[in-house]
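Analysis of the macromolecular model
Residues per chain are reported as follows:
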Amino acid sequence: MSSVKKLGQQTYAFTNPPVFAGAASVVGPKEGQGPLGNQFDLVLQDSLNGEQTWEKAERKMLKESCQGAVKKAGLTPSDIDIMMAGDLLNQIISANFTARDLGIPFIGLYGACSTMFEGLALGSMLIDGGFADYVLTAASSHYNTAERQYRFPTEMGVQRPLTAQWTVTGAGAAVIGVQGQGPSITHITIGKVIDLGVKDSNDMGSAMAPAAADTIIRHFQDTGRSPSDYDLIVTGDLAAIGRALTEQLVKQAGYDISKNYTDCGILIFDPTQDTHAGGSGCGCSAVVLTGYLLKEIIAGRFKRVLGVGTGALLSPSSTLQGESIPGIGHGVVIDAYNLGG
Amino acid sequence: MTDEKLIPSDRELQEMQYQMMVTSAKPKPPLLRNVLGAFVIGGAICVFGQALLNFFKSSGLAKPEAGAATSAVLVFLAALLTGLGVYDSIAKYAGAGTIVPITGFANSIVAPAMEFRQEGMVFGVGQRIFTLAGPVLAFGFVTAWLIGLITYLFK
């Protein structure tokens, strides 16, 4: 017997599409100066956020975004059945420590920068499956914590290559629920881990593009939909080079997404902000989704969006040992149809 | 019978095709601007070092002592600029121009020392201070040993 909710090979359609009940975003100062700066709920004055360490600053952002999302949903933490969150730090300490403070039953996730979409996909399944009424999903990243873990100390004088991306300092959280009015999640497409042999850890957009493209193509094949069925197709953090490659790869499969496709890593920074290819990190897609895309959907500017959270599944050790960088992309369809009116 | 090693597998072909796509999608680094930045800023550091050396010699120091004093001043200034958060901003334009002189060595020691202060003095600063300079020291020792051996054998 095959699953009744499964479409094709990797896509799931929900009988009772989960609804976004509330969402909140917190970003660092650089993101606050970007094109979406006035969309976020809170912009930090400095990247230490009043804390002694950057790790604590990241945790505080994540906690604030979670509390904000729960509050905006008109709920209290005790109303949330399950929290699912993750981040980029070793042993996902930002998410674990935040869950300790919030006291909500917790499932830690690691999907690198795809974590927010991984959480939304899993949370939607739990809700549509009747296992939960409200699920809180969240993800965070911080420029300084990511740099020191993956690359160099921040004051080290290095020239960043043009393909490099800038880790977003930010945290985004969303509460999805079994009912209510709001944008809803109608389909998800769970991605495969794809690796076409890119080894340059300064070019993660190129490493992740094949995974993003694979998920987008698979989504169209599974659902029978075409690019024109979406007002917007948006990937998580491929930035300029990864975006161009994804567009080409999807075109090779016969789908033209050039008119309605962009990437959160392109939306969040302006080219004058010297980030090179654009933004990256768990926070990138999390804050662009919670701070910008959901608001645009509620405002009626996008009726249906295919978001693909992208992640580069590397570690500092795997890079040093000469391994290539596997990528993943999880697709989530957000539809405005449950908005009423 | 076919020689399997000569014919790439589908996966290898796919990887090769994708590698070509990536190469053409990547922007070219602004080579001329980078080279000029490295030459001008790296050159300026060296000119400044020479000026210091001349000053110390004219002040009456012997040549080895004047050299040591020059290095000390350059290392101090690079450490200070790293601490003030200025050095990496200069390095963005200078590239190797700020890495190769002794100032780059100072930067590579002070930067991790600052960064890992959060993990405490012993396992933070103490353990991590040579994270970046360590390889330079290790291979510097090996090179010095080899040169010493060559000098001993052929002199």
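Residues numbered from 1 in each chain as written. Chains lettered and ligands numbered in written order. Predicted model: local features only at pLDDT ≥ 70, side-chain atom pairs only at ≥ 80, totals over all residues. Heavy atoms only, no water.

**As for the overall build of chain B**
The helix and strand tally for chain B stands at eight helices and zero strands. Overall, chain B shows an N-to-C arrangement of helices and strands of α-α-α-α-α-α-α-α. The C-alpha radius of gyration of chain B comes to 23 Å, more than 25% above the 15 Å expected for a compact globule of 155 residues. Counting only C-alpha atoms and orienting by the principal axes, one finds that chain B spans roughly 80 × 45 × 40 Å. Considering chain B as a whole, with its 155 residues, one finds that 25% of them fall into the buried category. Contacts spanning at least 24 positions in sequence make up 49% of the contacts within chain B whose residues lie at least 6 apart. (Helix = DSSP H or I, 4+ residues; strand = E, 2+ residues; numbered from the N terminus. Rg over C-alpha atoms; globule rule 2.2 N^0.38 Å. Buried < 20%, exposed > 50% of the residue type's maximum accessible area, 1.4 Å probe, protein only. Contact = heavy atoms within 4.5 Å.)

**Examining helix H7 (residues 239-252) of chain A**
Residues and elements named next belong to chain A. In this model H7 runs 20 Å from its N-terminal to its C-terminal C-alpha over 14 residues, within 8% of the 20 Å that 1.5 Å per residue would give. Residues Ala239, Ile241, Gly242, Leu245, Thr246, Glu247, Leu249 and Val250 constitute the buried set of H7. The positive-phi residue at the C-terminal boundary of H7 is Gly254, with phi of around 95°. (Expected span 1.5 Å × (residues − 1).)

**A word on the packing of helix H6 (residues 102-115) of chain B against helix H8 (residues 133-154) of chain B**
Residues and elements named next belong to chain B. Interhelical geometry of H6 versus H8 gives an angle of 130° and a closest axis separation of 9 Å. As the angle between them shows, H6 and H8 are arranged oblique. On the side of H6, the interface is formed by Phe105, Ser108 and Ile109, while H8 contributes Ala133, Val136 and Leu137. A per-class count over the contact of H6 with H8 returns five nonpolar, one polar and no charged. (Axes fitted to C-alpha atoms, helices over the stretch in contact; angles between N-to-C directions. Parallel < 35°, antiparallel > 145°, perpendicular 65-115°, else oblique. Nonpolar A, V, L, I, M, F, W, Y, C, P; charged D, E, K, R; others polar.)

**Focus on the layout of surface pockets**
When its volume is computed, the second largest pocket comes out at roughly 280 Å³. What lines the second largest pocket is Ile194, Leu196, Pro210, Ala213, Asp214, Ile217, Leu249 and Gln252 of chain A together with Gln14, Gln17, Tyr18 and Met21 of chain B. Its residues assigned to classes, the lining of the second largest pocket comprises eight nonpolar, three polar and one charged. (1 Å grid on protein atoms, 1.4 Å probe; cavity = no way out; pocket = protein on both sides within 12 Å on 5 of 7 lines; lining within 4 Å. Points joined across faces, edges and corners; volume = space filled by probe spheres on them.)

**A few points about unusual backbone geometry**
Residue and element names in this part refer to chain A. For Asn49, which is not a glycine, the phi torsion comes out positive at approximately 55°. For Asn49, the position within the fold is in the loop between strand S4 (42-43) and helix H2 (54-72). With relative accessibility at 10%, the residue Asn49 sits in the buried group. One non-glycine residue, His276, lies in positive phi territory at about 70°. Summarising the element assignment, His276 is placed in the loop between helix H8 (264-267) and strand S13 (278-280). A relative accessible area of 29% means that His276 is categorised as partly exposed.

**A word on the domain arrangement of chain A**
Many authors give the size of an interface as the accessible area that is lost as the parts come together. All names here are of chain A. When the domains of chain A are assigned, the result is domain 1 (8-177) and domain 2 (184-339). Each of domain 1 and domain 2 has a C-alpha centre, and these two points are 17 Å apart. Listed per partner, the contact involves 61 residues of domain 1 and 64 residues of domain 2. Counting the surface lost from both domain 1 and domain 2, the interface buries some 5000 Å², and carbon and sulfur atoms represent 64% of this. Its largest share of buried area at the contact with domain 2, domain 1 owes to Gln10, Phe117 and Gln165, together 17% of the area lost on that side. (Domains from an automatic or database assignment. Buried area = accessible area lost by both parts, 1.4 Å probe.)

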